[in-house]
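# Descriptive structure summary
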Amino acid sequence: MSHVVVARFWIDSRSEHAFRRREAALQPIMHRHGGSLVYEFSPDGAPGPSPQPPSVVHVLEFPDASSFGEYLRDRDRLAISASGDGAPVRVEIIAGAAS
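Residues numbered from 1 in each chain as written. Predicted model: local features only at pLDDT ≥ 70, side-chain atom pairs only at ≥ 80, totals over all residues. Heavy atoms only, no water.

### Remarks on the packing of aromatic side chains
According to the stated counting rule, one finds three aromatic pairs in the structure shown. Ring geometry for phenylalanine 62 against phenylalanine 68: centres 5.2 Å apart, planes inclined by 55°, an arrangement best described as tilted. Judged by relative accessible area, which is 11%, phenylalanine 68 ranks as buried. Taken together, a centroid distance of 5.5 Å and an interplanar angle of 40° make the contact between phenylalanine 62 and tyrosine 71 tilted. Of the two residues examined, phenylalanine 62 and tyrosine 71, each falls in the buried class. Counting every residue linked through ring pairs, the aromatic cluster contains Phe62, Phe68 and Tyr71. Note that arginine 77 overlies the ring of tyrosine 71, its terminal NZ or CZ placed 5.6 Å from the centroid. Stacked on the ring of tryptophan 10, the Lys or Arg arginine 90 has its end atom at 4.0 Å from the ring centre. (Phe/Tyr/Trp six-rings, centres within 6.5 Å; stacked < 30°, edge-to-face > 60°. Buried < 20%, exposed > 50% of the residue type's maximum accessible area, 1.4 Å probe, protein only. Lys NZ or Arg CZ within 6 Å of the ring centre and 35° of its normal.)

### Looking at the pattern of salt bridges
Counted according to the given criterion, the structure contains eight salt bridges. Here arginine 8 makes a salt bridge to glutamate 92, at a shortest N to O gap of 3.1 Å. Taken as a pair, arginine 8 in strand E1 (residues 3–10) and glutamate 92 in strand E4 (residues 90–97) lie far apart in primary sequence, 84 residues in all. When its relative accessible area of 27% is taken as the criterion, glutamate 92 is described as partly exposed. For the salt bridge of aspartate 74 with arginine 32, the shortest nitrogen-to-oxygen distance reads 3.0 Å. In this pair, aspartate 74 is assigned in the loop between helix H2 (65–73) and helix H3 (75–83) and arginine 32 in helix H1 (residues 16–32), connecting sequence segments 42 residues apart. Each member of the salt-bridge network shares a partner with another, and the members are Glu16, Arg20, Glu23 and Glu40. (Salt bridge = Lys/Arg side-chain N within 4 Å of Asp/Glu carboxyl O. Helix = DSSP H or I, 4+ residues; strand = E, 2+ residues; numbered from the N terminus.)

### Focus: H2
The complete set of buried residues in H2 reads Ser67, Phe68, Gly69 and Tyr71. Elements that come into contact with the buried residues of H2 comprise E1, H1, strand E3 (56–62), H3 and E4. (Contact = heavy atoms within 4.5 Å.)

### Observations regarding the side chain of glutamate 23
With respect to the helices and strands, glutamate 23 occurs in helix H1. The residues touching glutamate 23, leaving out its near neighbours within four places in the chain, are Glu40 and His58.

### Brief notes about the packing of H1 against H3
Contact geometry of H1 with H3 gives a least axis separation of 9 Å together with a crossing angle of 160°. Here H1 is positioned roughly antiparallel relative to H3, judged by the angle of their axes. In this structure, H1 meets H3 at a crossing whose hand is left-handed. Residues Arg22, Ala25, Leu26, Ile29 and Arg32 of H1 lie in contact with H3, whose contacting residues are Asp76, Arg77, Ile80 and Ser81. (Axes fitted to C-alpha atoms, helices over the stretch in contact; angles between N-to-C directions. Parallel < 35°, antiparallel > 145°, perpendicular 65-115°, else oblique. Left-handed = near helix turned anticlockwise from the far one by under 90°.)

Encoded structure:
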C-alpha cells in the first residue's frame, strides 16, 4: 500500500525562483527513495482554516511510510534544508496510507 503525502507551502514571492531550484534539487533525492511528485497546484483561494491559502501544494507518493521516513532523514536532503536557500515561510505536511 502506498504512502501519500500532501505538502502545503507558503512561499515569499521574492523567493519563488529559489524555491523552484530547491524543488529541482530535491527531486532526485525523492526518487532515490521511491518517491514521486504526483500533483502540484496553486490553490485558488478557496475558503479554509488559514486566512491565506498556501502558495503551492504537492501531492507526493512513496512506496510506504518507511521510504518517506528515509527520504526525510536523507543526508543530501538535510543538507539542502540546512542551507535555507529557497526555504518556504511555512510548511504543513499531511501523510498517510492510500486506500
